[in-house]
Amino acid sequence: MGYVSAVPPPRNDADAETPADAPAGAPATEGRGSRRSVAVALLLGALGATVVLLASGRVWARGTAAVGGGSLPLTADGRAVTGLPAALAIVGLAALVAVFAVRGKSRLLVSGLLALSGLGAALSAVLAADDRQALDAQAARTTADTAAQVGALTHTAWPYVTAAGAALILVAGLLALRFGRSWPAMGGRYERDGSPRGRRPATVDPDRPEDLWKALDRGEDPTR
């Protein structure tokens, strides 16, 4: 004769929380997708801003200025040509951090600012890739001739490296716009709906007078 137990079999909490009509593994899949999008956005945003800031400090253009029958080599880095990509990269970094400090529509606005920072940095770097004004101004200062222009002008690939880094910031912003609603927010003392978490009262042992005094100091009723 088989043994019959009145104790119900253990229930899996994951099965209990998952609706019957939901696909198997759906909550776990969504959670992994949310964490993956957060990690990718953080990586791309930080890497892109770093690339933009470093590449903006490299030489973007070279040329020569005629001085006293000879020629003087001149160079201009990215910040001399245009300071916009570096400035927008800093704005993008700030927006990347701020995405996790806000919720709702504010998060949507900050995510849009992150994407626009990357787009603006990329466009400004590409448009300034063949700029000669910075070297012409440097040639005018060197020769003390306001009409002087730089000769033998060449450009490097650093403007396009800057634009590639800015594109990573843009992708991070697009990920924030697409998946940002499910990302966690800063502040462990708040629940998901933004309300403060209630503090659980400490356990009071009535046989220990020190616990009773501590409860009274906290404004709690130890007789409850």
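Residues numbered from 1 in each chain as written. Predicted model: local features only at pLDDT ≥ 70, side-chain atom pairs only at ≥ 80, totals over all residues. Heavy atoms only, no water.

Quick look at the overall build of the chain now. When you go through the chain residue by residue, the secondary structure sums to eight helices and three strands. Going from N to C terminus, the chain has its helices and strands arranged as α-α-β-β-α-α-α-α-β-α-α. For the chain, buried positions account for 29% of its 224 residues. In the chain, of all internal contacts separated by at least 6 residues, the share reaching a separation of at least 24 is 67%. Per element, the accessible surface of the chain, about 14700 Å² overall, is 60% carbon and sulfur. (Helix = DSSP H or I, 4+ residues; strand = E, 2+ residues; numbered from the N terminus. Buried < 20%, exposed > 50% of the residue type's maximum accessible area, 1.4 Å probe, protein only. Contact = heavy atoms within 4.5 Å. Areas by Shrake-Rupley, 256 points an atom, 1.4 Å probe, with all protein chains shown as cover.)

Moving on, we get to the side chain of Thr82. The residue Thr82 is located in the loop between α3 (78-81) and α4 (84-98) in this model. Using a relative accessible area of 18% as the deciding quantity, one classes Thr82 as buried. One polar contact links the side chain of Thr82 to the main-chain amide nitrogen of Leu84, over a distance of 3.3 Å. (Polar contact = N/O pair within 3.5 Å; in protein donor to acceptor, adjacent residues only side chain to side chain.)

What follows concerns the packing of helix α5 (residues 104-127) against helix α7 (residues 158-179). The contact between α5 and α7 brings their axes to 7 Å, and the two run at 165°. For the element pair α5 / α7, the angle class is roughly antiparallel. The handedness of the crossing between α5 and α7 is left-handed. Between α5 and α7, the residues in contact are Leu108, Ser111, Gly112, Leu114, Ala115, Gly118, Leu119, Ala121, Ala122, Ala125 and Val126 and Pro159, Thr162, Ala163, Ala166, Ile169, Leu170, Ala172, Gly173, Leu174, Ala176 and Leu177, respectively. Each residue belonging to the contact of α5 with α7 can be placed in one class, and the counts come to 17 nonpolar, five polar and no charged. (Axes fitted to C-alpha atoms, helices over the stretch in contact; angles between N-to-C directions. Parallel < 35°, antiparallel > 145°, perpendicular 65-115°, else oblique. Left-handed = near helix turned anticlockwise from the far one by under 90°. Nonpolar A, V, L, I, M, F, W, Y, C, P; charged D, E, K, R; others polar.)

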